[in-house]
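Structural characterization, general
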Amino acid sequence: MVNLNVIMVSFVILVVASNFIPSLAVEENEPKKLWDQCVVKISPKCALHIIYQVFGNGVASIPCCQELVQEGKECHDSLVKYIADRPSLIGNEPKYLQKRDEVWAHCVSVSKASSPA
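Reading the values: the criteria
- Residues numbered from 1 in each chain as written.
- Predicted model: local features only at pLDDT ≥ 70, side-chain atom pairs only at ≥ 80, totals over all residues.
- Heavy atoms only, no water.
- Helix = DSSP H or I, 4+ residues; strand = E, 2+ residues; numbered from the N terminus.
- Expected span 1.5 Å × (residues − 1).
- Buried < 20%, exposed > 50% of the residue type's maximum accessible area, 1.4 Å probe, protein only.
- Contact = heavy atoms within 4.5 Å.
- Phe/Tyr/Trp six-rings, centres within 6.5 Å; stacked < 30°, edge-to-face > 60°.

Thoughts on helix 6 (residues 73-84)
With 12 residues, helix 6 ought to run about 16 Å at 1.5 Å a step, and its terminal C-alpha atoms sit 16 Å apart, in line with that. Of the positions making up helix 6, those classed as buried are Cys75, His76, Asp77, Leu79, Val80, Tyr82, Ile83 and Ala84.

A closer look at the side chain of Arg100
Checked against the element boundaries, Arg100 lands in helix 7 (residues 93-114). Residue classification places Arg100 among the buried residues on the basis of a relative accessible area of 12%. Apart from residues no more than four positions distant in its own chain, Arg100 is found in contact with Val54, His76, Asp77, Val80 and Lys81.

Topic: the packing of aromatic side chains
The way to describe two aromatic rings as a pair is by their centre distance and the angle between their planes. Within the structure shown, the criterion is met by 1 aromatic pair. On the numbers, 4.6 Å between centres and 50 degrees between planes, the contact of Phe55 with Tyr96 is tilted. One end of the pair, Phe55, is in helix 4 (residues 44-55); the other, Tyr96, is in helix 7, with 41 residues separating them in the sequence. On the basis of relative accessibility, which here comes to 10%, the residue Phe55 falls in the buried class.

The quantities given are spatial measurements derived from coordinates; they are silent on function.
Structure representation (structure tokens):
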């Protein structure tokens, strides 16, 4: 649980810092697209809910699922992979990537169900 809290706080700091200090947004070997196009497409609150659902035992709300679907699968996949590649998490990466796909499928399902016909 402590490890998950550290990840969530680190992610929020990176998101906030990348919006205000562009030089912190991207390391040389990171895809610039990750920060420029993906991080800004979802609210920090919903990003935390999604992260907690993938890396912990949280459940994202329907509005957060709708934001995630609007963000797009490529961004979702990239951001989760980026976090899962951290040294403290890499040992469980296959589990997190499977959970990422489950969260995506769930959010697509609830987003379609809650959309007006």
